[in-house]
Amino acid sequence: MNNPNSKGEQARTRAVILIGIPASGKSTYYASELAPQGFVHINLDTLKTRHREETLVAECIRGRKEFAVDNTNTLRSERARYISAARAAGYEVVGIYFQSRVADCVERNARRSGEARIPRAAVAAMSNRLELPAPEEGFDRLYYAAMGDGGFVLSPWREEPGLHELDSILRAAEDTAGEPVPRGRYIIARLDGRAFRTLTNTHFQKPFDTRFRDIMHATVRHLMQCGFKVELAYTQSDEISLLFDGGMDAYDRVPRKLISLLAAEASAAFTLHFGSTAAFDCRLNIQADAAGVARYFRWRREDAERNAFNAHCYWALRNSGMSEHDATQTLIRTDTAAKRKLLAEHGVDFSSLPEWQRHGMFFHWEEDEHTGTNPLTGGAVAYRRKVMACTPQAPPPWA
């Protein structure tokens, strides 16, 4: 059952739904893996009309032929028409989600010719509307597919994907240009310090420095108050993530404008507090629902923990006299248990380190109730105002 190209235990006839943005590898996978097995190719680009597509699907079902739907299938509503028809006919429904970065797909699309090449903006627009598949849609089997040097690497879908799968899924949602983000989609901006390794090696203690932390926190506070309606912010190491309020309409939600202005604001704020020039780059991560937002922040927290753990190990070796090259190579060959032993030998209990080092920090708004005096009547009045809070955990509903 772990092989998507093999039949299920009862050898049921299969319908395979390929899911992914343009140029993510769906047609290549069909040609190399499914066509040799006799799967009928269901593709709206070649069939041209929805009526022809529906007719071909119906013919496959009547003839008990296996078929593969090679469209983008980015929306649950689009996938539902094939899933419901196949399940009603007793087919085994297999879904394959093709992980990819928008930039990679744009590059592959540019190498196409003729009608196969679509406008660059269409690739980003498809990414903006992507809704991740889920078993409850009616899939009997569901897989991740990632393009590697030797072809496609497939792995079974997990309800709670590990850090590797999270990294692939959420990087696919990152947009660096594209069309305006549709309303109803969540926009998260991720900013990273440019060449900050050189900056931190020169000016700050390693692996963590409270001065650097405080400058990053000051930069976050500026970004939350400079007109972009930031609902939640998160920072770890030299990166910042900003979740925008659902009603945010700044610059018509055009990614290019948001990216350039946020990078400029972050760079200016950090430079002001640091006292020397520093710069950030920025990208947007588009999520369809609150579950995707929660998944995003889980990804960044797990990445923070992994990076902090390895950073403490690395600097334990460096501070003991090991060269940069030897310390790096040693850690590559060392498993987690051995790394923990290494830290213990250097007097570091990773689980006892401050939360801001291990998991980063969240910034959000809270309602704060105050009492005052009405200047006209002299009577007591109560009023609320928003204040910024900083915590190691994301507040509901993003936890």
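Calculation rules
- Residues numbered from 1 in each chain as written.
- Predicted model: local features only at pLDDT ≥ 70, side-chain atom pairs only at ≥ 80, totals over all residues.
- Heavy atoms only, no water.
- Phe/Tyr/Trp six-rings, centres within 6.5 Å; stacked < 30°, edge-to-face > 60°.
- Buried < 20%, exposed > 50% of the residue type's maximum accessible area, 1.4 Å probe, protein only.
- Lys NZ or Arg CZ within 6 Å of the ring centre and 35° of its normal.
- Axes fitted to C-alpha atoms, helices over the stretch in contact; angles between N-to-C directions.
- Helix = DSSP H or I, 4+ residues; strand = E, 2+ residues; numbered from the N terminus.
- Parallel < 35°, antiparallel > 145°, perpendicular 65-115°, else oblique.
- Left-handed = near helix turned anticlockwise from the far one by under 90°.
- Contact = heavy atoms within 4.5 Å.
- Pairing = 2+ DSSP bridges.
- Core = buried A, V, L, I, M, F, W, Y, C linked by side-chain atoms within 4.5 Å.
- pLDDT = per-residue confidence, 0-100.
- Lys, Arg positive; Asp, Glu negative; His and termini not counted.
- Salt bridge = Lys/Arg side-chain N within 4 Å of Asp/Glu carboxyl O.

> What should I look at first to understand the packing of aromatic side chains in this one?
One pair of aromatic rings is described through two measures. These are the centre distance and the angle between the planes. One pass over the structure, following the stated rule, counts 23 aromatic pairs. On the basis of an interplanar angle of 70 degrees and a centroid distance of 5.3 Å, the ring pair of F204 and F212 is categorised as edge-to-face. The residues F204 and F212 share a single accessibility class, namely buried. Members of the aromatic cluster, joined through ring pairs, are F196, F204, F212, F270, F274 and F280. A cation over an aromatic ring shows up here: R81 above the ring of Y82, its NZ or CZ 5.9 Å from the ring centre.

> Explain the packing of helix α9 (residues 210-224) against helix α10 (residues 255-274) to me, please; I cannot follow it from the model alone.
How two helices sit against one another is set out by the angle between their axes and by the gap between those axes. In contact at an axis separation of 9 Å, α9 and α10 are set at 135 degrees when each is read in the N-to-C sense. When the axis of α9 is compared with that of α10, the two are oblique. For the crossing formed where α9 meets α10, the hand is right-handed. Residues F212, I215, M216, A218, T219, H222 and L223 of α9 pack against L262, E265, A266, A269, F270, H273 and F274 of α10.

> Before we go on, may I ask you to explain the pairing of strand β10 (residues 239-244) in this structure?
The two faces of the sheet receive side chains in turn, since in a regular strand these alternate between them. By the criterion of burial, β10 is predominantly enclosed, with six of the six residues buried. Side-chain alternation along β10 places E239, S241 and L243 on one buried face and I240, L242 and F244 on a second face that is also buried. Here strand β9 (residues 230-236) pairs with β10 via six bridges, running antiparallel. Its bridge partner lying in β10, Q236 is registered against E239. Connecting the antiparallel pair β9 and β10 is a turn made up of two residues, with S237 showing a positive phi of about 50 degrees.

> When you look at the nonpolar core in this model, what are you seeing that I'm missing?
Here is a general trend for soluble globular proteins: nonpolar side chains tend to be buried in one another's company. Ranked by internal contacts, the top residues of the largest apolar core, which has 36 residues, are L191, L242, F244, L262 and F270. At the level of secondary structure, the elements contributing two or more residues to this core comprise β8 (186-193), α8 (196-203), α9, β9, β10, α10, β11 (280-287) and β12 (361-373). Examining the composition of this core, we find that seven residues originate from one element, α10, more than from any other. The residues touching L262, leaving out its near neighbours within four places in the chain, are A189, L191, L223, F228, L242, F244 and C282.

> Could you clarify how one ought to interpret the confidence of the model for the chain in this entry?
Interpretation of this model should avoid reading the predicted coordinates in detail wherever pLDDT is low. In the predicted model, the chain carries a mean pLDDT of 87, and the fraction of residues at 70 or more is 91%. For the chain, strand β7 (residues 174-175) is the element with the lowest average pLDDT, namely 66, and strand β3 (residues 67-69) is the one with the highest, namely 98.

> Explain the side chain of R301 here, please?
In this fold, R301 is placed in helix α11 (residues 290-319). Although R301 lies buried, it forms no salt bridge, and the closest oppositely charged side chain, E355, sits 4.9 Å away as judged by the N-O distance. Apart from the residues within four sequence positions on either side, R301 is in contact with Y234, R358, H359, F362, P392 and Q393.

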